Amino acid sequence: MKFQYSEKKVKLPEKVHAYAEKKVTKLARYFEEDAEALIVFSVEKNRNKAELTVHGAGTWFRASESTSDMFASIDAAVATIEGQIRKNKTRLARRLRQDAFVRSVQEETSFAPEPAEDDLSITRVKQFYFRPMTREEAVLQMNLLDHNFFAFRDEDNGGSFAVVYKRNDGGYGLLDDAE
């Protein structure tokens, strides 16, 4: 597993990086050798935040945890990703390493039941005519509907399909066709 570190508004000692690498390496058993892990450390409002993104087998996993201790944030982020993998293990079994879910002798034993997988079946289908509009009109329409996202045909980009969405930081984002 390859590791990358990034620090925002904070300078951490090397032992934090070593601790993060040791903990994230536990996830390596789920992935092939070419998996990548990006760990972003930051401090916001006196909270230590660790954002962990793992990419392997064509799948992205992301967790962001914020606690009063950077080591606890790292532990929580690793546990979150491991939970995501376990929760969706039957769906991910074809993408992850073949022996990813085989238990080893040294692995700690948990008597807690495995969490049930969510049903991913589509329960409702809506069809819409996506009329061409500007990005500003799409944001306005999204706000008028009080939705978190809005799909439309982007006049500014030759009528291609696009989605505007509300970001967690209060701003807006745009998902645009890459063609």
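What comes next concerns the included structure. (Residues numbered from 1 in each chain as written. Predicted model: local features only at pLDDT ≥ 70, side-chain atom pairs only at ≥ 80, totals over all residues. Heavy atoms only, no water.)

**Focus: helix α2 (residues 70–87)**
For α2, which comprises 18 residues, the first-to-last C-alpha distance of 26 Å matches the rise-based estimate of 26 Å (1.5 Å per residue) to within 8%. Where α2 is concerned, the buried positions are Met70, Ser73, Ile74, Ala77, Val78, Ile81, Glu82 and Ile85. (Helix = DSSP H or I, 4+ residues; strand = E, 2+ residues; numbered from the N terminus. Expected span 1.5 Å × (residues − 1). Buried < 20%, exposed > 50% of the residue type's maximum accessible area, 1.4 Å probe, protein only.)

**Details of unusual backbone geometry**
Phi is positive for lysine 9, which is not a glycine, with a value near 60 degrees. By the secondary structure assignment, lysine 9 is in the loop between β1 (2–8) and α1 (14–24). Residue lysine 9 is classed as exposed on the basis of its relative accessible area of 80%.

**So, the sheet that holds β1**
The strands making up a sheet associate through backbone hydrogen bonding, with each pair oriented either parallel or antiparallel. Taken together, four strands build an open sheet; the order of strands is β1-β2-β3-β4 and the sheet is mixed. On the outer flanks of this sheet lie β1 and β4 (59–67), each paired with one strand and no other. Recorded for the sheet is a direction-independent mean angle of 15 degrees between the axes of neighbouring strands. Bridge analysis of β1 against strand β2 (residues 36–44) gives seven bridges, and the strand direction is parallel. The residue bridging tyrosine 5 from the neighbouring strand is isoleucine 39, located in β2. On top of the sheet, α2 reaches β2, β3 (47–56) and β4; it is set at about 145 degrees to β4, its chief contact. (Pairing = 2+ DSSP bridges. Axes fitted to C-alpha atoms, helices over the stretch in contact; angles between N-to-C directions. Contact = heavy atoms within 4.5 Å.)

**Re the layout of surface pockets**
One simple way to see leftover space: roll a probe sized like a water molecule over the atoms. In this structure, the second largest pocket encloses a volume near 360 Å³. Taken together, Lys126, Phe128, Tyr129, Phe130, Arg131, Met133, Leu145, His147, Phe149, Phe150, Ala151 and Phe152 make up the full set of residues lining the second largest pocket. Classifying every residue of the lining of the second largest pocket gives nine nonpolar, one polar and two charged. (1 Å grid on protein atoms, 1.4 Å probe; cavity = no way out; pocket = protein on both sides within 12 Å on 5 of 7 lines; lining within 4 Å. Points joined across faces, edges and corners; volume = space filled by probe spheres on them. Nonpolar A, V, L, I, M, F, W, Y, C, P; charged D, E, K, R; others polar.)

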